[in-house]
Amino acid sequence: MRRTNVRALATLSILVGAVVLGRPEATAAEEASEQKAAASEQRALVRKGAREWSAYCGSCHNARPPGERSPAEWDTIMLHMRVRANLPAGDAQALLAYLRSR
Amino acid sequence: MIRLVMLIALLSAFLALGPTTVRAAAPSSEEVQQLRKEIDLLRKQNAASEARIQALESKLTDVQQAQEKKDQELDAKIEGGTRTTAAGSVGDIVDKWFGDNRFIVTGYGQGTFDWQRNDGTSTFGARFNPLFLYRVTDRVLFEASPEIELESTGETNVNLENAQADIILNDYMTFVGGKFLLPFGDFIEHIEPAWINKLATKPLPYVEGDEGGLLPFSDLGAQVRGGIELFDTEGVSVDYTAFMSNGPRFEDSALGTPAIGTPFLTNNVDLNKGKGFGGRIGLYPIPLAAEMGRLRIGASTYDGTWDDKEGLWFAAWGLDFAYQLDELEVRGEYLQTRRQLLGQSTDHRDGFYLQAAYKLSRLGIEPLNKVELVARWSGLQQHGLAADDVLGTEARPGNPRELAFGVDYWLTPSVVGKLEYDWEFGDKVRNDNMIHLMVAVGF
């Protein structure tokens with residue numbers, strides 16, 4: 001009976017150890033994967049903005065070069081343009097991502 | 001019995017092996033040669049395919065490495081949000097006070113020279129339209145734009161063009177409250193600023209309402225607006241605006257003696273309890289991937305009671321389009337207004353313009369690269385409006401038509417020098433010629 005208890009305790013300890021030690025490794029891998037996916041998504045957004053920049057901005061006025069303003073200034077200007085030009089949310093985000101990335 | 005079984009076995013073996021023996025006849029030496037040739041050819045083809053695969057694999061590795069490098073550069077830029085404007089700029093100074101460029105002064109200014117044959121005028125002028133933007137959060141913006149203009153009387157006229165709060169409610173709807181540009185047609189909201197308008201003058205129907213145009217340029221009230229992508233297709237979308245406002249007001253609204261052709265007056269304090277309302281819907285039907293340019297078609301309306309007793313209606317509707325493909329831009333509008341008059345026929349007016357512009361940037365000749373040629377045809381029909389009706393008002397008599405030709409020189413995408421020649425003519429209109437020079441700076 002005593003030997004059985006010792007075995008059960010040892011098994012439980014190993015299981016707990018595996019869970020405790022294994023978890024950070026899994027989380028780190030997941031985090032790295034999530035970061036990679038987020039970076040890829042962001043790059044796709046920038047590329048979408050680059051495609052739209054000339055056509056969307058240029059349909060009313062000459063498209064202003066991204067380097068004209070700082071990223072924080074573009075945040076404010078694009079909020080204004082989203083409202084004035086009735087831009088769909090996804091397009092406004094893509095244009096902002098492109099303008100901020102240059 | 002045993003003999004019979006052996007006989008059957010022999011017969012079976014003969015039947016089974018017989019045809020094989022016939023098929024297994026030795027191939028001729030010619031066939032062998034032919035087969036060897038085919039094998040050699042296949043070997044050569046295989047070797048060529050392997051070489052090609054290796055070359056493609058090598059190219060793929062190069063492309064992957066280049067892509068990875070670009071991705072890393074893009075990541076670095078996204079991460080850093082590299083500031084590319086000069087250090088110590090106005091933005092930096094404002095930054096110190098307001099933080100993170102939430103507050104921005106943008107807008108435009110213009111200097112003009114106008115010559116008009118009939119009036120005998122030849123004068124310089126100036127106008128300044130700053131636009132103040134304050135981003136409260138990523139979903140809330142306050143914007144205001146005073147218009148500062150020199151009057152012919154020698155005074156400086158300051159007019160609050162718009163002052164509004166924009167609140168993004170969700171991906172599809174934004175609430176706007178305050179004084180806003182009238183969301184009617186294409187010209188007022190999109191291309192009126194001097195650095196955007198490709199000509200120095202406005203088309204005849206879009207002279208401002210208080211100067212004899214068909215509509216006021218702004219109104220006070222609230223609106224909801226937004227844009228929605230359609231069919232999950234980049235470039236294909238619909239946008240909308242719906243608003244309620246103080247509504248239209250004319251110079252004779254409170255006088256009791258309304259007249260045809262009376263100009264608008266800003267309805268800062270509503271003269272009646274009835275509200276104005278209207279809206280606009282725009283459609284972008286061409287997918288970006290089709291590379292066939294960008295087309296917008298729109299329809300608008302603006303209605304409301306205009307007299308102090310709320311009994312008389314003003315109603316306007318319009319259609320507009322704008323198309324842009326590379327260096328070419330074509331746009332146009334048609335609009336119609338009707339104002340009920342007590343004891344008189346309705347004041348019915350309509351107008352249009354069609355404008356085409358072409359950038360010469362493809363010529364590759366340095367000074368001409370920055371030149372854009374513009375032509376515009378615009379007109380007004382003012383039914384029942386004779387010259388005698390407009391004495392003492394800003395309204396133009398008759399049914400004028402105007403041809404305008406312009407040459408623009410773009411120093412930068414937002415700094416332009418314009419030279420424009422106008423020829424005005426039409427029914428009950430005295431022919432006139434005008435020349436306009438303008439330098440406009442968007443900042």
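Residues numbered from 1 in each chain as written. Chains lettered and ligands numbered in written order. Predicted model: local features only at pLDDT ≥ 70, side-chain atom pairs only at ≥ 80, totals over all residues. Heavy atoms only, no water.

Scanning chain A from N- to C-terminus turns up 3 helices and 0 strands. Of the regular secondary structure in chain A, the N- to C-terminal order runs α-α-α. Every one of the 102 residues in chain A was classed for burial, and the buried ones make up 43%. When contacts within chain A are restricted to residue pairs at least 6 apart in sequence, those whose partners lie at least 24 apart make up 59%. Within the structure as shown, chain A displays about 5700 Å² of accessible surface, and the carbon and sulfur contribution to it stands at 60%. (Helix = DSSP H or I, 4+ residues; strand = E, 2+ residues; numbered from the N terminus. Buried < 20%, exposed > 50% of the residue type's maximum accessible area, 1.4 Å probe, protein only. Contact = heavy atoms within 4.5 Å. Areas by Shrake-Rupley, 256 points an atom, 1.4 Å probe, with all protein chains shown as cover.)

This part covers the overall build of chain B. A count of helical and extended segments in chain B gives 5 helices and 16 strands. When each of the 443 residues of chain B is scored for burial, the buried share is 42%. Taking as baseline every contact in chain B between residues at least 6 positions apart, the subset at least 24 positions apart corresponds to 55%. Element-wise, carbon and sulfur atoms account for 62% of the exposed surface of chain B, whose accessible area totals about 23800 Å².

Contacts between the two partners involve 43 residues from chain A, matched on the other side by 61 residues from chain B. Per-residue buried area on chain A facing chain B is highest for Asn62, Arg84 and Asn86 of chain A; these three make up 16% of the total on that side. On the surface where chain A and chain B come into contact, there are 3 salt bridges. The shortest N-O distance in the salt bridge between glutamate 143 of chain B and arginine 84 of chain A comes to 3.9 Å. At the junction of chain A with chain B, the criterion picks out 16 residue pairs in polar contact (both at pLDDT 80 or more). Those elements that provide at least two residues to the side of chain A that touches chain B are helix 1 (2-58), helix 2 (71-84) and helix 3 (89-100) of chain A. Broken down by class, the residue content of the side of chain A that touches chain B amounts to 16 nonpolar, 12 polar and 15 charged. (Buried area = accessible area lost by both parts, 1.4 Å probe. Salt bridge = Lys/Arg side-chain N within 4 Å of Asp/Glu carboxyl O. Polar contact = N/O pair within 3.5 Å; in protein donor to acceptor, adjacent residues only side chain to side chain. Nonpolar A, V, L, I, M, F, W, Y, C, P; charged D, E, K, R; others polar.)

Next up on the list: a negative patch on the surface. A cluster of acidic residues, Glu151, Glu155, Asp210, Glu211 and Glu251 of chain B, forms a negative patch at the surface. In this fold, glutamate 155 of chain B is placed in the loop between strand 3 (140-150) and strand 4 (156-170). (Patch = residues over 30% accessible without salt bridge, like charges linked within 9 Å, V, L, I, M, F, W, Y side chains within 5 Å. Lys, Arg positive; Asp, Glu negative; His and termini not counted. Charge placed at Lys NZ, Arg CZ, Asp CG, Glu CD.)

Turning next to the pattern of salt bridges. Residues and elements named next belong to chain B. Under the defined criterion, the tally for this structure stands at 26 salt bridges over all chains. In this structure, arginine 296 engages aspartate 186 in a salt bridge whose closest nitrogen and oxygen atoms are separated by 2.5 Å. Taken as a pair, arginine 296 in strand 9 (residues 294-305) and aspartate 186 in the loop between strand 5 (173-181) and helix 4 (187-191) lie far apart in primary sequence, 110 residues in all. Put simply, arginine 280 and aspartate 239 hold a salt bridge, and the shortest N to O gap is 4.0 Å.

Counted according to the given criterion, the structure contains 19 aromatic pairs over all chains. On the basis of an interplanar angle of 75 degrees and a centroid distance of 6.2 Å, the ring pair of tyrosine 206 of chain B and tyrosine 353 of chain B is categorised as edge-to-face. Pair noted here: tyrosine 206 of chain B is in the loop between helix 4 and strand 6 (218-229) and tyrosine 353 of chain B is in strand 12 (residues 347-359), with a separation of 147 residues, a long-range link. An identical accessibility class is assigned to tyrosine 206 of chain B and tyrosine 353 of chain B; each is buried. Members of the aromatic cluster, each reached through a chain of ring pairs, are Phe180, Phe243, Phe250, Phe264, Tyr302, Trp306 and Phe314 of chain B. Over the aromatic face of tryptophan 195 of chain B sits the side chain of arginine 64 of chain A, whose NZ or CZ is 4.7 Å from the ring centroid. Lying over the aromatic face of phenylalanine 250 of chain B, arginine 339 of chain B brings its terminal NZ or CZ to 4.0 Å of the ring centre. (Phe/Tyr/Trp six-rings, centres within 6.5 Å; stacked < 30°, edge-to-face > 60°. Lys NZ or Arg CZ within 6 Å of the ring centre and 35° of its normal.)

Moving on, we get to unusual backbone geometry. Residues and elements named next belong to chain B. Despite not being glycine, aspartate 232 has its phi angle at roughly 55 degrees, a positive value. Mapped onto the secondary structure, aspartate 232 falls in the loop between strand 6 and strand 7 (237-245). With a phi close to 50 degrees, aspartate 326 is a non-glycine residue in the positive phi region. Overall, aspartate 326 belongs to the exposed group, its relative accessible area being 52%.

Residue and element names in this part refer to chain B. Within the element layout of this structure, lysine 179 appears in strand 5. Put simply, lysine 179 is tucked away with no salt bridge, and the nearest opposite charge, on aspartate 219, sits 8.2 Å away. Excluding residues within four positions of it along the chain, lysine 179 makes contact with Asn159, Leu160, Glu161, Asn162, Ala163, Gln164, Ser218, Asp219, Leu220, Thr266 and Asn268.

To continue, consider the nonpolar core. Counting 35 residues, the largest nonpolar core has Leu182, Phe184, Ile188, Tyr206, Leu215, Tyr302 and Phe314 of chain B as its most contacted members. Leave out the neighbours within four places in its chain, and isoleucine 188 of chain B touches Leu181, Leu182, Tyr206, Leu215, Pro216 and Phe217 of chain B. Core analysis: the second largest hydrophobic core is formed by 22 residues, Ala55, Met78, Leu79 and Ala97 of chain A among them. (Core = buried A, V, L, I, M, F, W, Y, C linked by side-chain atoms within 4.5 Å.)

Moving on, we come to the environment of histidine 348 of chain B. Residue and element names in this part refer to chain B. Here histidine 348 is to be found in strand 12. By relative accessible area, histidine 348 is classed as buried at 15%. Residues histidine 348 and phenylalanine 314 lie 34 residues apart in sequence; the distance between their C-alpha atoms is 9.9 Å. Contacts of histidine 348, omitting those with residues within four sequence positions, involve Gln336, Thr337, Arg338, Gln381, Gln382 and His383.

Here the second largest pocket defines a volume of roughly 540 Å³. Elements with a minimum of two residues in the lining of the second largest pocket: helix 1 of chain A together with strand 10 (313-325) of chain B. A class-by-class count of the residues in the lining of the second largest pocket yields 9 nonpolar, 6 polar and 8 charged. (1 Å grid on protein atoms, 1.4 Å probe; cavity = no way out; pocket = protein on both sides within 12 Å on 5 of 7 lines; lining within 4 Å. Points joined across faces, edges and corners; volume = space filled by probe spheres on them.)

Moving on: the packing of helix 2 of chain A against helix 3 of chain A. Residue and element names in this part refer to chain A. Contact geometry of helix 2 with helix 3 gives a least axis separation of 10 Å together with a crossing angle of 155 degrees. Regarding the angle of helix 2 to helix 3, the classification is roughly antiparallel. Classified by chirality, the crossing of helix 3 by helix 2 is right-handed. Mapping the contact onto sequence places Pro71, Ala72, Trp74, Asp75, Met78 and Arg82 in helix 2 and Ala89, Ala92, Leu95, Leu96, Leu99 and Arg100 in helix 3. (Axes fitted to C-alpha atoms, helices over the stretch in contact; angles between N-to-C directions. Parallel < 35°, antiparallel > 145°, perpendicular 65-115°, else oblique. Left-handed = near helix turned anticlockwise from the far one by under 90°.)

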